[in-house]
Amino acid sequence: MSRILVTGGAGFIGSHLCERLLNEGNEVVCLDNFFTGSKDNIIHLMDDKKFELIRHDIIEPILLEVDQIYNLASPASPIHYQYNPVKTTKTNVMGTINMLGLAKRVRARILQASTSEVYGDPTVHPQKEDYWGNVNPIGPRSCYDEGKRVAETLMMDYYRQNNVEIRILRIFNTYGPRMALNDGRVVSNFIVQALKGEDITVYGKGDQTRSFCYVSDLVDGLIRMMNQPDFIGPVNIGNPHEHTILEFAEKIIAMTDSKSRVSFKPLPQDDPKQRQPDITLAQEKLGWNPRVSIDEGLRLTIEYFKTKLKG
Ligand code: NAD
Ligand code: UDP
């Protein structure tokens, strides 16, 4: 049994991670400022004596006795990370420094939730970990993309300079239950629009691609990466099955039996054209493979949003 800190633990991915770590018999400290997270996501864990919730913003230092830290605190959806871009950079830079300082002080192992956004609008396809990326440093997505890139730099420098035990994991588009209704990312937007019979908002022509990973597969990758002995990463975790956004809209309309129609909206600036993880390294180093098919994952996610919309 370990005592494990999950920052951003009341968010979409963080809440699934907290749940899984508790089920495996660990003590879990969930830390969140509730910017995009919600108590609803973790309410079912509150009676567990091994679960503790702290309202805290990681841009402020904190001292806790823990063995492992999963650093997930950061808004992830473009509409939320662009709402207060300076704060997004602070969270990813000052917040990561604080968590690395904590890891150093209490000798905890720390895993950074990085992102496929470090590859920007990639000119290499699919993306391998040794690709350095194509990121606009001054655009509307930079607060997040560059924030996460600096977070990776900080992880590497604390490792080289202070021997902190680090793990860097680059998450590709992940979906599933507990995405917020107003999250703004494509999966929740399309499902909620389809269930309400509203137009499905496809940005641009919908010929851009993404590859979607179900949340339980991602959590499995996070835990494997944290607990293997010596590989620090970075490692890609995502589902290599790639879809165009238009194809994806049509799939969701069909799966929800919806009367919604596609309506085309302007493509946001710097929206990456294509994205697909090369997961060879995760397969080799972690024995990891995604297991949940897109049909099964979407079925579970659609069920979740149906219940949420009723309630
Ligand atoms: P989310 O918005 O649901 O969760 C983020 C959580 O962090 C929220 O609970 C939020 O309240 C909390 N948070 C934000 N700023 C904070 C701060 N300063 N102090 C404390 N808590 C703070 O998003 P998610 O999809 O669960 O993403 C979790 C992590 O995974 C993020 O770091 C994100 O960058 C990364 N990631 C996610 C995806 C994806 O597709 N879901 C892809 C790549 C990377
Ligand atoms: N997208 C869309 N309609 C929406 C939300 C997103 O067409 O209502 C597109 C968006 O332009 C992008 C893709 O879907 O090309 C994935 O967007 P998301 O915000 O989910 O993630 P990211 O761009 O960070 O991969």
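Predicted model only: the values in this text are computed from it and were never measured.

A.B. asks: Report on the overall build of the protein, specifying residues and quantitative values.
C.D. replies: For the protein, the count of helices and strands is 9 helices and 13 strands. Its C-alpha atoms give the protein a radius of gyration of 19 Å, near enough to 19 Å, the size a compact globule of 311 residues would have. Taken along its principal axes, the extent of the C-alpha atoms in the protein is 55 × 45 × 40 Å. Across the 311 residues of the protein, 56% fall into the buried class. Carbon and sulfur atoms make up 49% of the accessible area of the protein, which totals about 13900 Å². One finds the centroid of the 37 positive side-chain charges in the protein at a distance of 2 Å from the centroid of its 39 negative side-chain charges.

A.B. asks: Let's hear about the packing of aromatic side chains: which residues, and what values?
C.D. replies: Scanning all chains against the criterion turns up 9 aromatic pairs. Their ring planes at 35 degrees and their centres at 6.4 Å tell us that F190 and F248 sit as a pair that is tilted. Placement of the pair is F190 in helix α5 (residues 186-196) and F248 in helix α7 (residues 245-256), with a sequence separation of 58 residues. Its end group placed over the ring of F34, K39 keeps NZ or CZ at 5.7 Å from the ring centre.

A.B. asks: For the site of ligand 1, give the residues involved together with the corresponding values.
C.D. replies: Around ligand 1, a shell composed of 28 residues is seen, among which D32, T36, Y144, T174 and R185 lie nearest. Here a nitrogen atom of ligand 1 and a backbone polar atom of I58 are 3.0 Å apart. One of the side-chain nitrogen or oxygen atoms of R185 is found 2.8 Å away from a nitrogen atom of ligand 1. Contact with the protein chains removes 97% of the 830 Å² of surface that ligand 1 exposes when unbound. Mapped onto the shell around ligand 1, the elements with two or more residues apiece are α1 (12-23), β5 (109-115) and α4 (142-162). Broken down by class, the residue content of the shell around ligand 1 amounts to 12 nonpolar, 12 polar and 4 charged.

A.B. asks: Please set out the site of ligand 2 residue by residue, giving values where relevant.
C.D. replies: By nearness alone, 18 residues border ligand 2, and T201, Y203, R210, D271 and R275 come closest of all. R210 has a polar side-chain atom sitting 2.8 Å from an oxygen atom of ligand 2. D271 places a polar side-chain atom, nitrogen or oxygen, 2.6 Å from an oxygen atom of ligand 2. Bound to the protein, ligand 2 loses 96% of the 520 Å² it would expose on its own.

A.B. asks: Please give an account of the side chain of T209 that cites residues and values.
C.D. replies: Structurally, T209 can be placed in strand β9 (residues 209-211). Here T209 falls in the buried class, since its relative accessible area comes to 11%. A polar atom in the side chain of T209 sits 2.5 Å from the side chain of E242. Apart from the residues lying within four places of it in its own chain, the contact partners of T209 are E242, H243, T244, K273, Q274 and R275.

A.B. asks: Could you give an account of the nonpolar core, with specific residues and numbers?
C.D. replies: Residues L17, Y70 and L298 are the most contacted members of the largest nonpolar core, which totals 58 residues. Among the nonpolar cores identified, the runner-up in size contains 25 residues, and V29, L64, V164 and I168 belong to it.

A.B. asks: Explain the side chain of D145 to me, using residue names and the numbers behind them.
C.D. replies: Considering the arrangement of structural elements, one finds D145 in helix α4. Comment: no salt bridge for buried D145; closest opposite-charge side chain is R141, at 4.5 Å. When near neighbours in sequence (up to four residues on either side) are disregarded, D145 contacts Y81, E117 and V135.

A.B. asks: Residues and numbers for the pairing of strand β1 (residues 3-7), please.
C.D. replies: With 4 of 5 residues buried, β1 is to be regarded as a mostly interior element. The pairing of β1 with strand β4 (residues 68-71) spans 4 bridges and is classified as parallel. Bridge assignment links L5 to a residue of β4, and that residue is I69.

Rules used throughout
Residues numbered from 1 in each chain as written. Chains lettered and ligands numbered in written order. Predicted model: local features only at pLDDT ≥ 70, side-chain atom pairs only at ≥ 80, totals over all residues. Heavy atoms only, no water. Helix = DSSP H or I, 4+ residues; strand = E, 2+ residues; numbered from the N terminus. Rg over C-alpha atoms; globule rule 2.2 N^0.38 Å. Buried < 20%, exposed > 50% of the residue type's maximum accessible area, 1.4 Å probe, protein only. Areas by Shrake-Rupley, 256 points an atom, 1.4 Å probe, with all protein chains shown as cover. Lys, Arg positive; Asp, Glu negative; His and termini not counted. Charge placed at Lys NZ, Arg CZ, Asp CG, Glu CD. Phe/Tyr/Trp six-rings, centres within 6.5 Å; stacked < 30°, edge-to-face > 60°. Lys NZ or Arg CZ within 6 Å of the ring centre and 35° of its normal. Near = heavy atom within 4 Å. Polar contact = N/O pair within 3.5 Å; in protein donor to acceptor, adjacent residues only side chain to side chain. Nonpolar A, V, L, I, M, F, W, Y, C, P; charged D, E, K, R; others polar. Contact = heavy atoms within 4.5 Å. Core = buried A, V, L, I, M, F, W, Y, C linked by side-chain atoms within 4.5 Å. Salt bridge = Lys/Arg side-chain N within 4 Å of Asp/Glu carboxyl O. Pairing = 2+ DSSP bridges.

The analysis is restricted to geometry; functional conclusions fall outside its scope.
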